[in-house]
Amino acid sequence: MSVRTHLLAAGAFTVGTSDFVVSGVLLDVSGKLGVSLTAAGQLATAFAIAYTVGAPLLSTLTGRWDRRTLLIAALAVAAVGNGLSAVANTYPLLIVGRIIAALGAAAYQPAATLVATAMLPAAQRARAVGIVVGGLTLSLAIGVPAGDLLGSRIGYGGVFGAVAVVTVLVAAAVPLCLPRIPAPPAVTMRERFAVAADRRVLTALAMTLVNVLAGMVVFIYVTPLLSATGGIHGAIVALLLLVYGVGAMAGNTWSGRAADRFGAVPTLFALLAGSVVTAAVLSPAASTVVGAAVILALWAAFNWAFNPPAQSLLLELAPTGGLVLSLNSSAIFVGTAVGGMVGGIVIGAGGLIALPLVSAGFSLVVIALLLTVQLGRRPVAAENAVA
């Protein structure tokens, strides 16, 4: 893959890190701004809501923009949001900064995915998606530990300031490395939203939401879960989070190549089966540090491998892609937000140990949804003939 594709992944890394580092600065925000930890936690909620609403809206509003210009503008907005977050000395101003950063991320991620697929042959499309999504995955692998490590040392201002600087550097590299990329052919608003209303597309988007839910219902509570299953805590948990991130990155790489070779649907069936099995045995396997490392790496690989073939499938169902990929990005953030709520309900009803089994159940739901999509598909050629 080219330097250009990896530059797009670097942008995904910066906008993803902007979100994931929040967990590491909550105590600093709470102490310096005089708000409760619960209120500080709403920074992530504000980011998620702004992203969810902004992704499809911005995709529609910028549909006729040159793609390179759009990428630069999106990164610039994200940098402004993080810069404002860095200097914010009141809670409302910090919330505004997170919303602005989220809007930049919402405009960037779907556009970067489309640009990556447009620059490469169709046979390498899923691999290209995998690399760009891999940047987002890397932000999870590094962003969470980095937030925990740096939050207590340089404070939320230093953390968000560092993210802003890196984002500016990536934005400056875009015009140097990417050519001008014309906007895709004009699509009317009616055509754009007709695609989004396609039952197969909606089912595929539901797959993304439920798959993220399956992952986040465990990951959000992984620290207390590891303590409950194996008495694992402290620095070992941070190391296991890094192992989880490495597994997630490996899954992205593998699934993109597999989807290009074997097709999106067969790849999705295989990795979802892996998600079910690894989630089902996660609690007993995590009774030791070594067992926890192995099972977390495998589970993360299967769970995060979902995105490249899923987005490739969406591009098969809706070749124009822009709005659908932005809706897919929104589905990821909705799944993340719902994951925390569902996890809390599960803990109250069955305890921490029940979380992985619930995750396996959600992965089975995704398999059922995939079967529905596959049974409802018609050959592309036939659809074109009808059109």
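Here goes a summary of the coordinates provided. (Residues numbered from 1 in each chain as written. Predicted model: local features only at pLDDT ≥ 70, side-chain atom pairs only at ≥ 80, totals over all residues. Heavy atoms only, no water.)

### A few points about the overall build of the chain
Scanning the chain from N- to C-terminus turns up 17 helices and zero strands. Against the 2.2 N^0.38 benchmark of 21 Å for 387 residues, the chain shows a C-alpha radius of gyration of 20 Å, consistent with a compact globule. Counting only C-alpha atoms and orienting by the principal axes, one finds that the chain spans roughly 60 × 45 × 35 Å. Across the chain, every contact between residues at least 6 apart in sequence was considered, and the portion connecting residues at least 24 apart equals 85%. In the form shown here, the chain has an accessible surface area of approximately 15500 Å², with 72% of it arising from carbon and sulfur atoms. (Helix = DSSP H or I, 4+ residues; strand = E, 2+ residues; numbered from the N terminus. Rg over C-alpha atoms; globule rule 2.2 N^0.38 Å. Contact = heavy atoms within 4.5 Å. Areas by Shrake-Rupley, 256 points an atom, 1.4 Å probe, with all protein chains shown as cover.)

### Thoughts on the packing of helix H1 (residues 3-20) against helix H4 (residues 67-87)
Two numbers describe how H1 lies on H4: the axes approach to 11 Å, and their chain directions differ by 25°. The orientation of H1 with respect to H4, classified from their angle, is roughly parallel. Crossing of H1 against H4: the hand is left-handed. When H1 is examined against H4, the residues Leu8, Gly11, Thr14, Val15 and Ser18 are found in contact with a partner set consisting of Leu71, Leu75, Ala78 and Asn82. Tallied by class, residues from the contact of H1 with H4 come to five nonpolar, four polar and no charged. (Axes fitted to C-alpha atoms, helices over the stretch in contact; angles between N-to-C directions. Parallel < 35°, antiparallel > 145°, perpendicular 65-115°, else oblique. Left-handed = near helix turned anticlockwise from the far one by under 90°. Nonpolar A, V, L, I, M, F, W, Y, C, P; charged D, E, K, R; others polar.)

### Some points on the packing of aromatic side chains
Within the structure shown, the criterion is met by four aromatic pairs. Centroid distance Phe219 to Tyr244: 4.7 Å. Interplanar angle 25°. Geometry classified as stacked. Of this pair, Phe219 sits in helix H8 (residues 199-219) while Tyr244 sits in helix H10 (residues 235-262), and the two are 25 residues apart along the sequence. The pair formed by Phe219 and Tyr244 is uniform in burial state, with each residue classed as buried. Look at Tyr244 and Trp299: their rings are 5.9 Å apart centre to centre, the planes differ by 55°, and that puts the pair in the tilted class. In this pair, Tyr244 sits in helix H10 while Trp299 sits in helix H13 (residues 289-304), placing the two residues 55 residues apart along the sequence. Trp299 shares its class with Tyr244; the two are buried. (Phe/Tyr/Trp six-rings, centres within 6.5 Å; stacked < 30°, edge-to-face > 60°. Buried < 20%, exposed > 50% of the residue type's maximum accessible area, 1.4 Å probe, protein only.)

### With respect to the pattern of salt bridges
All chains considered together, the criterion is met by two salt bridges. Taking the shortest distance from any N to any O, the salt bridge between Lys32 and Asp28 comes out at 3.4 Å. In this pair, Lys32 and Asp28 are both assigned in helix H2 (residues 22-33), four residues apart and thus about one turn of the helix distant. Exposure remark for Lys32: the relative accessible area of 54% places this residue in the exposed category. Judged by relative accessible area, Asp28 falls into the buried class, the value being 17%. Measuring nitrogen to oxygen at the nearest pair gives 3.8 Å for the salt bridge that ties Arg180 to Asp66. Of this pair, Arg180 sits in the loop between helix H6 (125-177) and helix H7 (189-196) while Asp66 sits in the loop between helix H3 (37-61) and H4, and the two are 114 residues apart along the sequence. Overall, Arg180 belongs to the exposed group, its relative accessible area being 56%. (Salt bridge = Lys/Arg side-chain N within 4 Å of Asp/Glu carboxyl O.)

### Comments concerning the nonpolar core
Grouped together as the largest cluster of nonpolar side chains are 58 residues, with contacts concentrated most on Leu226, Tyr244, Leu268, Leu296, Phe306 and Leu313. Listing elements by their share of this core, those giving two or more residues are H8, helix H9 (222-230), H10, helix H11 (264-280), H13, helix H14 (307-317), helix H15 (322-350) and helix H16 (355-376). When residues of this core are assigned to their parent elements, the largest contribution, 12 residues, is made by H8. With sequence-adjacent residues up to four places away left out, Leu296 is seen in contact with Val222, Leu226, Leu240, Tyr244 and Leu282. Formed by 34 residues, the second largest nonpolar core is a distinct cluster that contains Ala12, Tyr51, Ala78 and Tyr108. (Core = buried A, V, L, I, M, F, W, Y, C linked by side-chain atoms within 4.5 Å.)

### Notes on a nonpolar patch on the surface
A grouping of Val77, Ile99 and Leu103 is seen on the molecular surface, where their side chains present a nonpolar patch of about 190 Å² in accessible area. Within the secondary structure, Ile99 sits in helix H5 (residues 91-118). Relative accessible area serves as the criterion here: at 32%, Ile99 is assigned to the partly exposed category. (Patch = residues over 30% accessible without salt bridge, like charges linked within 9 Å, V, L, I, M, F, W, Y side chains within 5 Å.)

### Description of the side chain of Ser275
Its place among the elements puts Ser275 in helix H11. Discounting residues that sit within four places of it in the chain, Ser275 has contacts with Trp299, Phe302, Asn303 and Ser363.

### Here's the deal with H2
Three or more residues of H2 are buried, namely Val22, Gly24, Val25, Asp28, Val29, Ser30 and Leu33. Of the residues trailing H2, Gly34 is marked for its positive phi of about 65°.

### Overview of the packing of H8 against H16
Interhelical geometry of H8 versus H16 gives an angle of 165° and a closest axis separation of 8 Å. Between H8 and H16, the interaxial angle falls into the category roughly antiparallel. Two packed elements cross with a definite hand, and for H8 against H16 that hand is left-handed. On H16, the residues that touch Arg200, Thr203, Ala204, Ala206, Met207, Val210, Asn211, Leu213, Ala214, Gly215, Val217 and Val218 of H8 are Leu355, Pro356, Ser359, Phe362, Ser363, Val365, Val366, Leu369, Leu370, Thr372, Val373 and Gly376. Of the residues that constitute the contact of H8 with H16, the class distribution is 16 nonpolar, seven polar and one charged.

### Observations concerning H13
Because an α-helix packs 3.6 residues into every turn, residues spaced three or four apart end up facing the same way. The first and last C-alpha atoms of H13 sit 22 Å apart over 16 residues, in line with the 22 Å expected at 1.5 Å per residue. For H13, the set of buried residues is Gly291, Ala292, Ile295, Leu296, Trp299, Ala300, Ala301, Asn303 and Trp304. (Expected span 1.5 Å × (residues − 1).)

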